[in-house]
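Structure assessment
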Amino acid sequence: NKNDDDDDSEAGEDLSDSEDDSDDDMDEDDDSDDDDDDNDIDDTLLDEVMALENKVEASKGKDYGAHAKLLLKLRQAKLKERLEESRVAFDRKFNLSEEQWLSWLDDKTKELYECASGKKRKEMEVRVQELFERATATLPASVPIWLKYLSFSVAKTSEDTEEDRRQFYERSCKIAAKDYKRGDAFWLAYRAFECSQNDDSSQKKNRIQMVSTRALETPLEKLDELKEKIIAGVENRDELSSYTKAYEVGRKRRDLRKAFEDKIEETASKNITTQKSDPKANLRAYRSYIAMEKTLHKREKNKGLNESVQSLYERALLKNPYVVCLWIEYAMEFSSSKIDILHRALRACPSSFELLIEQIDSSADDGDIQTVNVSVTIEAFANLLENSSLKSFKVANDVALAFLRAKWKDKKSDDTNNLLSNMHAILVAQFPNRIRIDPEMKLARYWAQRHANPETVWKFFLVENEKIYGDYLEAHLQRARYFESSDPQLANRAYEFAFSKRNKLSRAVKGRVKDDTKLLITRDLCTSWRSFLETSEDSFPSSYEKVKSELHLIDFEKACEPPASAEDIKRMRREGQIARKRNNEQEDGEFAAADDAAEDNATDGEKNKRTKTRDDSKSHIPTSSFVPRSEKPREEVIKELYPDRDQQTAFVKNLDFSITEEELVKFFDIKEEGTVKARVIKDRHTGRSKGIAYVDFESEHNLLAAIMRDGEALKGRALSIAKSRPPPSFPGSGGRGGGRGRGNAPPSSAGRGGLGFVPRAVKQKPKKALADL
């Protein structure tokens, strides 16, 4: 095995040499660029740099986009000192991407190679190694960073101990070496390191065999090539047998994972037509892969498979670093390193309050001692908000509640009141211009539960801080509902106070439908008040009469409202106040009358611009507004207008749901004569295709030629093509149905223009009567 050891050590050296050569070539190019551009910096580029620096400073370093652009512009301008400062500040606040880390490492290794040997170079090597450690800790699944780190560790002048090097390879093999495409390079380097040791004892041989076995059991794309390199020169039969068994295990694992790896690669690559990748599809592919790996881990209880699950999570987060739920799943799966994972997650998604709350809860679960010192707790909460990038006052309230539950031990005391009032002041100061209150008022309810006099707390929110909370309906309702069961008198007084301000109230949560009118807000308030009065044990007759009269007045005003004009209807439709599709018959009558009035006053040009057709079957439309329908049956009218209908028509089934009529015409009209017409049948509610169509031809000869193409594929589906044979006419039927006909069967709801139902009298007749019919 000695020759094999030498070959492996040479392979490891070749790997590092090739990396170093590429780095040297790149460094030479960068040197030439520096010489040309040191004294020639574009003024426009400098202006952009200064503008971005001001933007970053104004946001206190919380603007991720501006900071990332600043790094690019500083590197283009080759302002090394300012670039280094910006990178350090960015790394302190956010996670650098793989590309940002590689550019930083390239610049630092270039500076290292420019240093002469000696004390300065050794100090520089220490700083570069610390940078590599931070990069691999931030992105442990990044293979390019690990390969660059591998080449650096081989080429550096300061020598590490044997155990330090072994620990380095172990860390790289934990996640990066399990990469399906490029993991074999780490195993070869690790084996080369073990083979290069001068120790000739059996312990060295055991370590080589252990690394080789682990490598062969890893599911890798180049597993066959790895096996050939490992068994080359091995003559011991027992050793060859163990390698063969390990290879069989790795091959089975590779075959099982190949489809998942192919799907990940397919979803990660850009689409040829759109030139964009689908991150959601890539995330779904990783989730299914992780689920399969978890199932194997539970079944086999193999520690290596648990590392494979961790590796998959890291790979998924490398491609999808801003998916909050994926970070939380990862932290829950590996609870031993939950704190570190959540810390990385918050650096990747600093504005996520879910991650921040999860980190606060996990710090309490981890045995973090709760404190009773008010000043310390206030300072900790202020630092928490300062370092976070929360976007709204509402989510900051949720974070404050999580912080209190995790950090504050005392339940009811004056210290608690002092703490909560100071925390509320910090929240208001943090979001002076973007206050959107929590409609559930959770912080106020939490405080009221821990206060000797809860009414004092609600007055603090709704009276002392009236500008923030006093004009919102939800805040007053939450106050009243808090006292409904415990103190009905206070609850009724709260409703009275809200009723006195009903003309100033608005909604904290505005949905799609614009229901923020004063009339609707007053109605909701009175409805809630009336519900309380009807269920309360105490009696409030004067309040009940007030609510009852107000609700009657609202109903009367709504009934007396004039019909909306055409302009108001258009505006309401744009704002989402009414649906475009009319479902309510009463509203239909009002809107139709308004449309008729507007149409009478409109000019001919305005009438021609209308694209909406009226439904003449509406009974509520005046008889003078539509043309009388023909007394003839619908089927006879269609036969008069289209005498050859269904004689030269094909019925096509099993269509792809995305097929269009133009594509169908192009499929059948081979000679491009323009004589083929197609009608794709769609669902009238959803507008989606039903997978069937009618195709009309000019002659029966063309129809027969089309039928001969039955079974041909269109968009991956074999078409079913036959002559259209509608069922025979029945009394009261509404036209032809779909398909090839079903003999003398009664009409069904299938097909175009059908009756849509079978009359109950027909259903109840026996089969003989149906046959006679």
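Presented here is an overview of the structure given in this document.

Conventions and cut-offs
Residues numbered from 1 in each chain as written. Predicted model: local features only at pLDDT ≥ 70, side-chain atom pairs only at ≥ 80, totals over all residues. Heavy atoms only, no water. Helix = DSSP H or I, 4+ residues; strand = E, 2+ residues; numbered from the N terminus. Buried < 20%, exposed > 50% of the residue type's maximum accessible area, 1.4 Å probe, protein only. Contact = heavy atoms within 4.5 Å. Areas by Shrake-Rupley, 256 points an atom, 1.4 Å probe, with all protein chains shown as cover. Polar contact = N/O pair within 3.5 Å; in protein donor to acceptor, adjacent residues only side chain to side chain. Salt bridge = Lys/Arg side-chain N within 4 Å of Asp/Glu carboxyl O. Phe/Tyr/Trp six-rings, centres within 6.5 Å; stacked < 30°, edge-to-face > 60°. Lys NZ or Arg CZ within 6 Å of the ring centre and 35° of its normal. Pairing = 2+ DSSP bridges. Disulfide = S-S within 2.5 Å. Expected span 1.5 Å × (residues − 1). Axes fitted to C-alpha atoms, helices over the stretch in contact; angles between N-to-C directions. Parallel < 35°, antiparallel > 145°, perpendicular 65-115°, else oblique. Left-handed = near helix turned anticlockwise from the far one by under 90°. Nonpolar A, V, L, I, M, F, W, Y, C, P; charged D, E, K, R; others polar.

Turning our attention to the overall build of the protein chain. From N to C terminus, the protein chain includes 35 helices and 6 strands. Evaluated residue by residue, the protein chain yields a buried proportion of 40% over its 773 residues. A separation of at least 24 residues holds for 61% of the contacts in the protein chain among residues at least 6 apart in sequence. Accessible area for the protein chain stands at about 44,500 Å²; split by element, carbon and sulfur atoms hold 49% of it.

Turning our attention to the environment of Ser59. As for its placement among the helices and strands, Ser59 is situated in the loop between helix 2 (43-58) and helix 3 (64-77). The exposure class assigned to Ser59 is partly exposed, which follows from its relative accessible area of 22%. Within the structure, the side chain of Ser59 is placed 3.0 Å from the backbone oxygen of Val56, a separation counted as a polar contact.

This next bit is on the side chain of Ser311. Tracing the sequence through the fold places Ser311 in helix 14 (residues 303-319). By relative accessible area, which is 2% here, Ser311 ends up buried. Discounting residues that sit within four places of it in the chain, Ser311 has contacts with Ile175 and Lys178.

Should their charged atoms come close, side chains of opposite charge can pair. Under the counting rule described, the total for this entry stands at 44 salt bridges. In this structure, a network of salt bridges that share partners links the residues Glu162, Glu163, Arg166, Glu194 and Arg207.

Moving on, we get to the packing of aromatic side chains. Scanning the model with the defined rule gives 32 aromatic pairs in all. Aromatic pair Tyr313 and Phe334: ring centres 6.3 Å apart, planes at 90°, arrangement edge-to-face. Here Tyr313, found in helix 14, pairs with Phe334, found in the loop between helix 15 (324-333) and helix 16 (338-348); they are 21 residues apart in sequence, far enough to count as distant. Accessibility expressed as a relative area gives 1% for Tyr313, which makes it buried. Linked through ring pairs, Phe132, Trp146, Tyr149, Phe152, Phe168, Tyr169, Tyr190 and Phe193 together constitute an aromatic cluster. When the ring centre of Phe657 is taken as reference, the NZ or CZ atom of Arg688 above it lies at 6.0 Å.

Right, let's get into unusual backbone geometry. Its identity as a non-glycine residue notwithstanding, Met441 has a phi of 50°, on the positive side. In this fold, Met441 is placed in the loop between helix 20 (414-430) and helix 21 (442-449). Using a relative accessible area of 3% as the deciding quantity, one classes Met441 as buried. Even without a glycine there, the phi angle at Lys715 is positive, about 55°. You can see Lys715 is positioned in the loop between strand 4 (713-714) and strand 5 (717-718).

Turning our attention to the pairing of strand 3 (residues 689-696). Among the 8 residues of strand 3, 6 are classified as buried, and the element is accordingly described as predominantly covered. Here strand 1 (residues 649-653) pairs with strand 3 via 4 bridges, running antiparallel. Opposite Ala650, over in strand 3, you have Val695 as the bridge partner. Here strand 2 (residues 677-682) runs beside strand 3; their pairing, made up of 5 bridges, is antiparallel. Opposite Ala678, over in strand 3, you have Val695 as the bridge partner.

Here Ser103 shows up in helix 5 (residues 98-114). For Ser103, the side chain forms a polar contact with the main-chain oxygen of Gln100, separated by 2.8 Å. Residues in contact with Ser103, not counting those within four places in the same chain, are Arg75 and Arg87.

Think of a disulfide as a covalent bridge from one cysteine sulfur atom to another cysteine sulfur atom. Per the counting criterion, the structure on display carries 0 disulfides. The closest cysteine sulfur to the non-disulfide-bonded Cys325 is located on Cys349, 9.8 Å from its own sulfur.

Structurally, Arg127 can be placed in helix 6 (residues 119-138). A relative accessible area of 44% means that Arg127 is categorised as partly exposed. Along the primary structure Arg127 and Leu112 are separated by 15 residues, whereas in three dimensions their C-alpha atoms are 9.7 Å apart.

Relative to the 18 Å expected for 13 residues at 1.5 Å per residue, helix 25 (residues 488-500) spans 18 Å between its end C-alpha atoms, a close match to the ideal helical length. Listed as buried for helix 25 are Pro488, Leu490, Ala491, Asn492, Ala494, Tyr495, Ala498 and Phe499. Summarising the contacts, the buried residues of helix 25 are in contact with helix 22 (454-464), helix 24 (473-483), helix 26 (518-535) and helix 27 (541-559).

Following both chains from N to C, one finds helix 5 and helix 6 inclined at 165°, their axes separated by 10 Å at the closest point. One finds that helix 5 runs roughly antiparallel with respect to helix 6. The crossing of helix 5 and helix 6 is left-handed. Two secondary-structure elements touch here, helix 5 through Trp101, Trp104, Leu105, Lys108, Thr109, Glu111, Leu112 and Tyr113 and helix 6 through Arg121, Met124, Glu125, Val128, Leu131, Phe132, Arg134, Ala135 and Thr138. The residue inventory of the contact of helix 5 with helix 6, partitioned by class, reads 10 nonpolar, 2 polar and 5 charged.

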